[in-house]
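The lines below spell out each chain.
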Amino acid sequence: MTTTVSERVPDPCALIIFGASGDLTRRKLVPAIWHLQEQNRLPAAFALVGVARRDWDDDYFRQQMREGIAEFVGEVDQRALDAFLARLHYVCGDPTDPATYAALKARLEALDAECGTGGNRCYYCSVPPQIYRKIVEQMGAAGLNHQHQSGLGWSRIIVEKPFGHDYDSAHDLNQALHCVFAEEQIYRIDHYLGKETVQNILVFRMGNSMF
Ligand SMILES: NC(=O)c1ccc[n+]([C@@H]2O[C@H](COP(=O)([O-])OP(=O)(O)OC[C@H]3O[C@@H](n4cnc5c(N)ncnc54)[C@H](OP(=O)(O)O)[C@@H]3O)[C@@H](O)[C@H]2O)c1
């Protein structure tokens, strides 16, 4: 029997966003995760950990995301929003510094124990493209690329567009990723690619009696 998206029970997991103090996190990523919570599509055991250099803490990060949701989503149920924001955490650190990954690893292990996230990690690179490679290398050095090893669950990495600026740079980034992650762990995101085509599907569907 086929399972539809809405029937799927997502695994417990932590979502880690590098570049959590940036525009994309506030404008698109956290509002999108909020919509997942609203539609009961987040796992019961879930934590979002923002990483960036800015000297923020959990409370300040939550406040920033509260304001982002007010700005980009609009009015929402405040009790549900409080419950959502309580699942957000912040690790202050430079993504090029190994010490950041030691701090992140400790926080993730604490969240596994506290929230039951089960060692499953989804990493999202939302930083300027020139930092992607450094993040991937540091993750490998810190052992944050595990895939069902040492009693931990899966790890996946999402890389924002642009994926390189020409063929050679895209190829280099791909190689750096493959030194640390298996292809099945890598997700390359371009949320604008095909946007107009997707938006036109409804027009196409309604404008054609054949469909
Ligand atoms: N914004 C969008 O709507 C959008 C749309 C499509 C694609 N993108 C892509 O998504 C990624 C993030 O976009 P964004 O608009 O959020 O970018 P951003 O605001 O310029 O930067 C994101 C974060 O990266 C960190 N950062 C900046 N320079 C850094 C450096 N030299 N070393 C380490 N960390 C650094 C900053 O945090 P700290 O300074 O606190 O460390 C910042 O919060 C980019 O690759 C962009 O091309 C964005």
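Conventions adopted
Residues numbered from 1 in each chain as written. Predicted model: local features only at pLDDT ≥ 70, side-chain atom pairs only at ≥ 80, totals over all residues. Heavy atoms only, no water. Pairing = 2+ DSSP bridges. Helix = DSSP H or I, 4+ residues; strand = E, 2+ residues; numbered from the N terminus. Axes fitted to C-alpha atoms, helices over the stretch in contact; angles between N-to-C directions. Phe/Tyr/Trp six-rings, centres within 6.5 Å; stacked < 30°, edge-to-face > 60°. Buried < 20%, exposed > 50% of the residue type's maximum accessible area, 1.4 Å probe, protein only. Lys NZ or Arg CZ within 6 Å of the ring centre and 35° of its normal. Salt bridge = Lys/Arg side-chain N within 4 Å of Asp/Glu carboxyl O.

Engineer: How would you explain the sheet that holds strand 5 (residues 155-159) if you had to name every residue and give the values?
Structural biologist: Strand order in the open sheet formed by 6 strands is 3-2-1-4-5-6, and the pairing between neighbours is parallel. Edge positions in the sheet fall to strand 3 (88-92) and strand 6 (186-188), since each of these pairs with one other strand and no more. The sheet shows a mean angle of 20 degrees between the axes of neighbouring strands, direction not considered. Bridge analysis of strand 1 (residues 13-18) against strand 4 (residues 121-125) gives 5 bridges, and the strand direction is parallel. Its bridge partner lying in strand 4, Ile17 is registered against Tyr124.

Engineer: Before we move on, can you summarise the packing of aromatic side chains with the specific residues and values?
Structural biologist: If you walk through the whole model with that rule in mind, you get 7 aromatic pairs. The interplanar angle of 75 degrees and the centroid separation of 5.5 Å between the aromatic rings of Trp34 and Phe84 together place this pair among those described as edge-to-face. Of this pair, Trp34 sits in helix 1 (residues 23-38) while Phe84 sits in helix 3 (residues 78-85), and the two are 50 residues apart along the sequence. By the burial criterion, Trp34 is buried, and Phe84 matches it. Above the ring of Trp154, the side-chain terminus of Arg156 is found at 3.7 Å from the ring centroid.

Engineer: Any chance you could break down the pattern of salt bridges for me, citing the residues and the numbers?
Structural biologist: One pass over the structure, following the stated rule, counts 8 salt bridges. For Arg66, the salt bridge identified is with Asp82, shortest N-O distance 2.8 Å. One end of the pair, Arg66, is in helix 2 (residues 58-72); the other, Asp82, is in helix 3, and 16 residues separate them in sequence. A residue is classified by how much of its surface remains accessible, and Arg66, at 27% relative accessible area, is partly exposed. For Arg188, the salt bridge goes to Glu183, with nearest N and O atoms at 2.9 Å.

Shape is all these values report; function is a separate question.
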